[in-house]
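Letter by letter, the chains look like this.
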Amino acid sequence: MRIGLFIPCYIDAFFPKVGIATLELLERFGHDVDYPRDQTCCGQPMANSGFNAECADTEALFVRNFSGFDYVVSPSGSCVHHVRDNFDAIEQTDEVKEVRARTFELVEFLHDILKVDAFPWARFPHRVGLHNSCGTLRGLKHALPSELHEPFFSKPIDLLSKVDGIEFVRPARPDECCGFGGTFSVFEEVVSTKMGYDKVSDHAQAGAEYIVSADSSCLMHQRGCAERIGVPMKFIHIAQILNGASA
Amino acid sequence: MSTIRERIDSAMLHPELRAEGDPDAIIRDGRRLDHAEGTSKPLRPAPEPQPRGAKVRGNRPIDQQEAAARFIAATEHEKMHDERLWDLRQKRDREMHGIPEWEELRSLASAIKEHTLTHLDGYLDQFEANARSNGIHVHWARDAAEHNQIVHGILSDHGATSLIKSKSMLTEECGFRPYMASVGIEVIETDLGERIQQLDNEDPSHVVVPAVHKLRTDVAEVFSRTIGTDPGNSDVHYLAEAQREATRPLILNADAGMTGANFVVAETGTFVVCTNEGNADLSANVPKLHIASIGIEKIIPRLEHLAVFVRLLSRSALGSPMTQYTSHFRGPRAGGEMHVVLVDNGRSERLGLEEFWTSLKCIRCGACMNTCPVYRRSGGLSYGATYSGPIGLIIDPTFNARKYSNLPFASSLNGSCTNVCPVKINIHEQIYAWRRVLVKQHEVPFVKKAAMKAAGVLLSRPAAYRAAIAAADTALAHLPRFVIYNGLNAWGKHREVPHPPKQTFHSWYHANRGAKR
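Residues take numbers from 1 onward in each chain, read along the sequence in its written order. The order in which chains are written sets their letters, starting at A; the order in which ligands are written sets their numbers, starting at 1. In keeping with the predicted nature of the model, local features appear solely for residues at pLDDT of at least 70, side-chain atom pairs appear and are counted solely at 80 or more, and the whole-chain, interface and lining totals rest on all residues.

1. Section: the interface of chain A and chain B
By the convention adopted here, residues make contact when the C-beta atoms placed from their backbones lie within 7 Å. Contacts between the two partners involve 55 residues from chain A and, on the opposite side, 59 residues from chain B. Elements represented by at least two residues in the side of chain A that touches chain B include exactly α1 (9–14), α2 (16–28), α3 (44–48), α4 (56–66), α8 (134–139), α10 (184–187), α11 (189–205) and α12 (216–229) of chain A. Working definition: helices are DSSP H or I runs of at least four residues, strands are E runs of at least two. Numbering for both runs from the N terminus. Per element, the largest residue contribution to the side of chain A that touches chain B is seven residues, and it comes from α11(A). Gly is placed with the polar residues, together with every amino acid not listed as nonpolar (Ala, Val, Leu, Ile, Met, Phe, Trp, Tyr, Cys and Pro) or charged (Asp, Glu, Lys and Arg). Each residue belonging to the side of chain A that touches chain B can be placed in one class, and the counts come to 26 nonpolar, 15 polar and 14 charged.

2. Points about the domain arrangement of chain A
All names here are of chain A. Structurally, chain A comprises domain 1 (2–113) and domain 2 (127–242). A domain assignment, automatic or from a database, supplies the domain bounds used here. Placing the centre of domain 1 and that of domain 2 at their C-alpha centroids yields a distance of 21 Å. Taken together, the contact pairs 26 residues of domain 1 with 22 residues of domain 2. Of all the elements in the fold, those that place two or more residues in the side of domain 1 that touches domain 2 are α1, α2, α3, α5 (77–86) and α7 (106–113). Here the residues of the side of domain 1 that touches domain 2 are counted per class, giving 13 nonpolar, nine polar and four charged.

3. Some words on the packing of helix α18 (residues 389–399) of chain B against helix α20 (residues 427–440) of chain B
Residues and elements named next belong to chain B. Where α18 meets α20, the closest approach of the two axes is 9 Å, and the angle between their N-to-C directions is 35°. Crossing geometry of α18 relative to α20 is assigned as left-handed. Between α18 and α20, the contacting residues are P390, I391, L393, I394 and P397 on the first element and I427, Q430, I431, W434 and L438 on the second. Class assignment for the residues of the contact of α18 with α20 results in nine nonpolar, one polar and no charged. Working convention: axes come from line fits to C-alpha atoms, limited for helices to the stretch in contact. Angles between N-to-C directions cover 0 to 180 degrees. A clockwise turn of the near helix away from the far one marks a right-handed crossing, whereas an anticlockwise turn of less than a right angle marks a left-handed crossing.

4. Considering the sheet that holds strand β3 (residues 71–74) of chain A
All names here are of chain A. Paired strands are those between which DSSP finds at least two bridges. Reading across from one edge, β2-β1-β3-β4 is the order of the four strands in this open sheet, with parallel pairing throughout. Pairing within the sheet leaves two strands with one partner each, and these edge strands are β2 (32–34) and β4 (103–105). Across the sheet, the axes of successive neighbouring strands diverge by a mean angle of 35°, strand direction being ignored. Running at roughly 100° to β4, α7 makes contact with β3 and β4 of the sheet.

5. A closer look at the pairing of strand β8 (residues 234–237) of chain A
Both strand β7 (residues 210–213) of chain A and β8(A) contribute to a ladder of four bridges, which runs parallel. Counted as the bridge partner of A:V212 is A:I236 from β8(A).

6. Quick notes on the nonpolar core
Note on terminology: a nonpolar core is any set of buried Ala, Val, Leu, Ile, Met, Phe, Trp, Tyr and Cys residues joined through C-beta atoms within 7 Å. Here a residue counts as buried when 20 or more other C-beta atoms fall within 10 Å of its C-beta, as exposed when 12 or fewer do, and as partly exposed in between; the C-beta atoms come from the backbone. Within the largest apolar cluster, 189 residues are counted, with the highest numbers of intra-cluster contacts made by A:V73, B:F263, B:F271, B:I294, B:F309 and B:C368. Setting aside its immediate chain neighbours within four residues, B:C368 contacts B:G389, B:P390, B:I391, B:C417, B:V420, B:C421 and B:I427.

7. With respect to unusual backbone geometry
Residue and element names in this part refer to chain B. In the Ramachandran plot, N201 falls in the positive-phi region, its phi being about 55° despite a non-glycine side chain. Here N201 shows up in the loop between α10 (192–199) and α11 (216–226). Judged by C-beta crowding, with 10 C-beta atoms within 10 Å, N201 ranks as exposed.

8. So, the environment of B:E66
Residues and elements named next belong to chain B. Along the chain, E66 falls in helix α3 (residues 64–73). Under the C-beta neighbour-count criterion, E66 is labelled partly exposed, with 14 such atoms within 10 Å. In the structure, E66 is positioned 12 residues away from A54 in sequence and 7.3 Å away in space, judged by C-alpha atoms.

Structure representation (structure tokens):
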């Protein structure tokens, strides 16, 4: 199976380890993973702010980069949510529809497509608080949100539970938004950071050493908030744990 | 023989602590010298003043973020507000878990509303005919002004100069109280929270709990100013009792009563009002004249449909199984008169908006507000509009796209609102859609537009993008702190910027997998 690896702009620039872990993890399962060099972004920052016309060229570039792969996989829930559910600034040709339908977020790819049942190399003897980003939770439906009365499921917990030594803590408001929200984080920065302070404090109070998430953007925001108010907390992407990072 | 108390007083008490008229008291400059410790009051900081809402300047766009920042700066208010509403959300969850068919109920409620809204004219006609045969006078109001004039006309016909009313978001929408004040009719709100807001000359901040943004010390301040309570006494029972004593005579002597309606039933020509204080029943039943102002979207076809909504309404709103009072109104009492004013005020137009018409399904439960992390931290008054919170973000721009152009951006698009909505309005998707509409209508600030255009250009050109990433990382790694953390960097005002790595993923890949295509 040929996989196109999509590493969104902020992961490329600030969290290369997340990209490396994703790549290595997919390679561990024996897949041919390629990283198209001309990739930049999915267009979400503009679309999220209402500027749909402004993201047409970026979306077109995305399709040029990722057309023809069996799957496109990315370690970023919100970007995949954009590609799958909102990516409509360009004409919806068969090629565009195909790329959109074949784009998966890493957790759902491992859980639903590869159906991975073990990560024998992974051991993470720490107390972690899981942060389901809103893009993965309510957009991609990684897990059951607390607002709905349906049978419980959680793909990230299914995967993380296969990691040796891991221990979960339960924050008081497990699926409250952390306040990142894309451009919301800068255009409405006061509310955004207050939400971030509350989020990291909630996890700290629950006893988490690490906040783990399938979205580095939320983690980037939360880390900035924790450092500003002095909450001692470590942050790690789920790809890193599943790939065997020990701390 | 003196009592033990007297002996203790004379022998052991410091003379300054003795009672008034005490012969041993020390008098200086004609005033009794008090024992400083004995008469001191406990050290308590002055209560935190209530942050006020958004600054409204005519038609200029409301700056929600500015008002939200002031609310967050009032830490006691913000904390109380967030926790109180989160508590309602948790109670809602508990009630939901007690109803196995909850999701089915939501689907049913949504389907009933969608059916009714797509056959609105027929059901409204049916209601009108049935209501008339029940002895109700039915009026139609195209907009807020027409509504206010119709009600004024009815009151004038009866020589009424005072009106008691229960809470109604529709009358807020219509600017009803200021209008009545301008024509010399006294309006008395009978809902406690709404009365507090009326006395404070402030809009409701929430559709169900209108004074939820106030601490009890704020209420003590308002009541001391308006009904003469002790400003230092913020005991809840004391304040509630004082308000009751002050308002009850006004209620008993009012010339007319007004309610809204939660539901209007077409097949019976009746309407239903849900309250927890029984205040709608006071408003409707004390005076002989009852006027009900009702938005046209409140209609449901049959009485049996009501059961679906009544099961959802209070559970979603307050996390209680049912409102204390669910009152059905069928017609005037003997010797009385009942009027219903059916109000459009932009609803027909909204019904024609392809992306936004389902917002008319709203039953005003406020669940989306209670769950909204932005609303809980901003306070409802920060929206500067009749409807605040998630539902406000998608309704307010239909009234005035320019004035409320910032509101759809006051959301992290987390989607919790959509999931709690008992009638399944896709609220966060409509917020997203409004952003597109407002950008198309040029209702966004130039700076934002320029930034987004530039981002669009950069992100579609790989070479230029590569150069920019390298420069950004270099800048973060080498620039002094004051250059990164200044007023222009919205990211860095209240949080740290990311730590730049030694190498981007891109360059790592080139170095480690470079042999690949």
